[in-house]
Amino acid sequence: MANKGDMAKVSQSEYENVKFYCYQGVEPTVFKFWSSAAFKLDLDSQDYQVYIGPNVTTVNLLHQQSESSWWYTQLPWRSKQFNIDPFQDSCVGVKTAHMYTLELQVKNINYYMFFITLGALFIFFWAPQLSGNQFFHYTTGISAGILLSLLFLAFLIQSRMKRHVFANLFYPLAVYLLTSSWYNIKEYLTEKYIHWFVGYVLSVGLISFAVMYRVGPPSDIKTLNLIQWVMQMVSLVCIVLSSYYQVASISVALIAFLWAIIPTTLKSRVRTQVRKTIFRPKVKLLTEEEYQAQRNEETRKALEQLRNYCRSPESKPWATVTKLSSPSRFAEFIEGSPHITTQEVMDYSHWDSIGTDDEDERSDVTDDDDRDSANRS
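Residues numbered from 1 in each chain as written. Predicted model: local features only at pLDDT ≥ 70, side-chain atom pairs only at ≥ 80, totals over all residues. Heavy atoms only, no water.

## Side note on the pairing of strand E4 (residues 49-53)
Burial runs high along E4: 4 of the 5 residues are buried. As defined by bridge partners, E4 adjoins strand E6 (residues 90-96) across 5 bridges and the pair is classed as antiparallel. Within E6, the residue paired with tyrosine 51 across the bridge is glycine 93. (Buried < 20%, exposed > 50% of the residue type's maximum accessible area, 1.4 Å probe, protein only. Helix = DSSP H or I, 4+ residues; strand = E, 2+ residues; numbered from the N terminus. Pairing = 2+ DSSP bridges.)

Spelled out as structure tokens, the structure:
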């Protein structure tokens, strides 16, 4: 099997026999960071054995070893989908007497792995904020209580029975039950067991909430730092394990770690330089007509805002009028009259024209002096 969708159909036989199926790995690239491959077994019966290895020799050796191991078929993690590394050669051996179909499933982007990478990166960079967040504290505690309640129970029993010969057997039993429940979760979500599942989640969730409420969120700075470091360490491990392309995933984790240990001041300087260099805003210069139009429009808006404020009770207009030398002009401005009189406009125009003439005369004198100097030279 080499391509996506390749399928092998095997009919029922009288005796159990082993058939081998191999997959040839592809060249790893960055574009296949979240690629995955799996063999999916379609078999109605539970009477089967599967062996996975890098080649047929290894798979055949596993089969021979299992013949002498009576406990091999009693392990709870029996699945019908077998994940393999898409970048390495892999072989699968199926032993059964029943009819089955084996299909090769190849995904260029495994969204489960994709979201694990994104979630791990989010938790890694937001760990300083999440470690002191009460909502995150309670959510994590309740989730851990629901998922690891059997281990907590084994710990309590073991602490009460320290000297008993069977005290240390509770941990393997708890792990066995947890693993069996995980691989049979789909069966527990059916109508036959759904009420038991919901009851377990609600009861253990309430107990976990009560314990977390009694203990309270951590406040010591050292404890918060330890929580933050543990979250970041787990996030880095998840990033590494979220891709079969180990070189790329380790590189991403290493880059995230190096970025986290860089001082904040240095990172701020780098961001500022990048924004100034790459994302420099484009400055548009206004023409004379655009400047005049924008000036008039902004002046009109500002005068209107001032007029509205003067009309409001917040400005205390009566107190303002007593301080003005021309209250009638203030009242006319509020009613909508211009803020400057006709005489003021004429005076401004007169002095503006005089200033322009003076500048022209100074310019003419300067030009004459320059000509005289040039003639003398």
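Read on for the rest.
## As for the sheet that holds strand E7 (residues 100-107)
Taken in spatial order, the 4 strands make up an open sheet running E1-E7-E3-E5, and their pairing is antiparallel. Looking along the sheet, the strands with just one partner apiece sit at the ends: strand E1 (7-10) and strand E5 (81-84). Ignoring strand direction, the axes of neighbouring strands in this sheet form an average angle of 15°. (Axes fitted to C-alpha atoms, helices over the stretch in contact; angles between N-to-C directions.)

## Comments concerning helix H3 (residues 134-147)
Between the first and last C-alpha of H3 there are 20 Å, a value that for 14 residues agrees with the 20 Å anticipated at 1.5 Å per step. Within H3 the residues assigned to the buried category are His137, Tyr138, Gly141, Gly145 and Ile146. Around the axis of H3, the buried residues are gathered within 155° of arc, so they sit on the same side. Along H3, exposed side chains directed more than 90 degrees from the buried face belong to Phe135 and Leu147. Here H3 starts with a cap whose side-chain oxygen sits 2.9 Å from the backbone nitrogen of phenylalanine 135, and that cap is asparagine 133. (Expected span 1.5 Å × (residues − 1). Arc of directions from axis to C-beta. Polar contact = N/O pair within 3.5 Å; in protein donor to acceptor, adjacent residues only side chain to side chain.)

## With respect to the packing of helix H8 (residues 221-241) against helix H9 (residues 246-261)
Two numbers describe how H8 lies on H9: the axes approach to 7 Å, and their chain directions differ by 155°. In this view, H8 runs roughly antiparallel relative to H9, as classed from their interaxial angle. Relative to H9, H8 is oriented so that their crossing is right-handed. Along the contact surface, H8 presents Leu236, Ile239 and Val240, while H9 presents Gln246, Ser249, Ile250, Val252, Ala253 and Phe257. (Parallel < 35°, antiparallel > 145°, perpendicular 65-115°, else oblique. Left-handed = near helix turned anticlockwise from the far one by under 90°. Contact = heavy atoms within 4.5 Å.)

## Overview of the state of the cysteines
The final tally for this structure, using the stated rule, is 1 disulfide. A disulfide bridge connects cysteine 22 with cysteine 91, and the sulfur atoms are separated by 2.1 Å. Taking the sign of the S-S torsion, 105° for the link of cysteine 22 and cysteine 91, the bridge is right-handed. One end of the pair, cysteine 22, is in strand E2 (residues 17-23); the other, cysteine 91, is in strand E6, and 69 residues separate them in sequence. The partly exposed category is assigned to cysteine 22, whose relative accessible area is 28%. (Disulfide = S-S within 2.5 Å.)

## Overview of the sheet that holds E2
Read from one edge to the other, the open sheet built from 3 strands follows the order E2-E6-E4, with strand pairing classed as antiparallel. Of all strands in the sheet, those bounded by a partner on one side alone are E2 and E4. Averaged over all adjacent pairs, the angle separating strand axes in this sheet is 20°, with direction ignored. One ladder, built from 7 bridges, connects E2 with E6; its direction is antiparallel. Looking across to E6, one finds that phenylalanine 20 is bridged to glycine 93. Relative to E4, helix H1 (residues 56-67) is tilted by about 140°, and along the sheet it contacts E2, E4 and E6.

## Here's the deal with the side chain of histidine 63
For histidine 63, the position within the fold is in helix H1. Apart from the residues within four sequence positions on either side, histidine 63 is in contact with Val18, Tyr51 and Lys95.

## Some points on the pattern of salt bridges
A full pass over the atoms with the stated rule returns 2 salt bridges. Arginine 300 is paired through a salt bridge with glutamate 297; the nearest N and O atoms lie 2.6 Å apart. Here arginine 300 pairs with glutamate 297, and both are found in helix H11 (residues 288-311), just 3 residues apart, close to one helical turn. Exposure remark for glutamate 297: the relative accessible area of 32% places this residue in the partly exposed category. Across the pair glutamate 304 and arginine 307 runs a salt bridge, and its minimum N-O distance is 3.3 Å. Taken together, the residues span about one helical turn, with glutamate 304 and arginine 307 both in helix H11 at a distance of 3 residues. The class of arginine 307 is buried, set by a relative accessible area of 9%. (Salt bridge = Lys/Arg side-chain N within 4 Å of Asp/Glu carboxyl O.)

## Side note on a nonpolar patch on the surface
Together, Val230, Met233, Val234, Val237 and Leu241 give the surface a local cluster of nonpolar side chains, amounting to about 470 Å² of exposed area. Its location among the elements puts methionine 233 in helix H8. A relative accessible area of 51% means that methionine 233 is categorised as exposed. (Patch = residues over 30% accessible without salt bridge, like charges linked within 9 Å, V, L, I, M, F, W, Y side chains within 5 Å. Areas by Shrake-Rupley, 256 points an atom, 1.4 Å probe, with all protein chains shown as cover.)

## Brief notes about the packing of aromatic side chains
Evaluation of the coordinates by the stated rule reveals 8 aromatic pairs. Consider the rings of tyrosine 138 and phenylalanine 209, whose centres lie 5.7 Å apart with planes at 40°: the pair is tilted. Pair noted here: tyrosine 138 is in helix H3 and phenylalanine 209 is in helix H7 (residues 194-215), with a separation of 71 residues, a long-range link. Of the residues examined, phenylalanine 209 reaches a relative accessible area of 40% and is grouped as partly exposed. Cluster of aromatic residues (ring-pair linked, three or more members): Phe33, Trp34, Phe114 and Phe115. (Phe/Tyr/Trp six-rings, centres within 6.5 Å; stacked < 30°, edge-to-face > 60°.)

Note that all results are geometric; they support no functional claim without further evidence.
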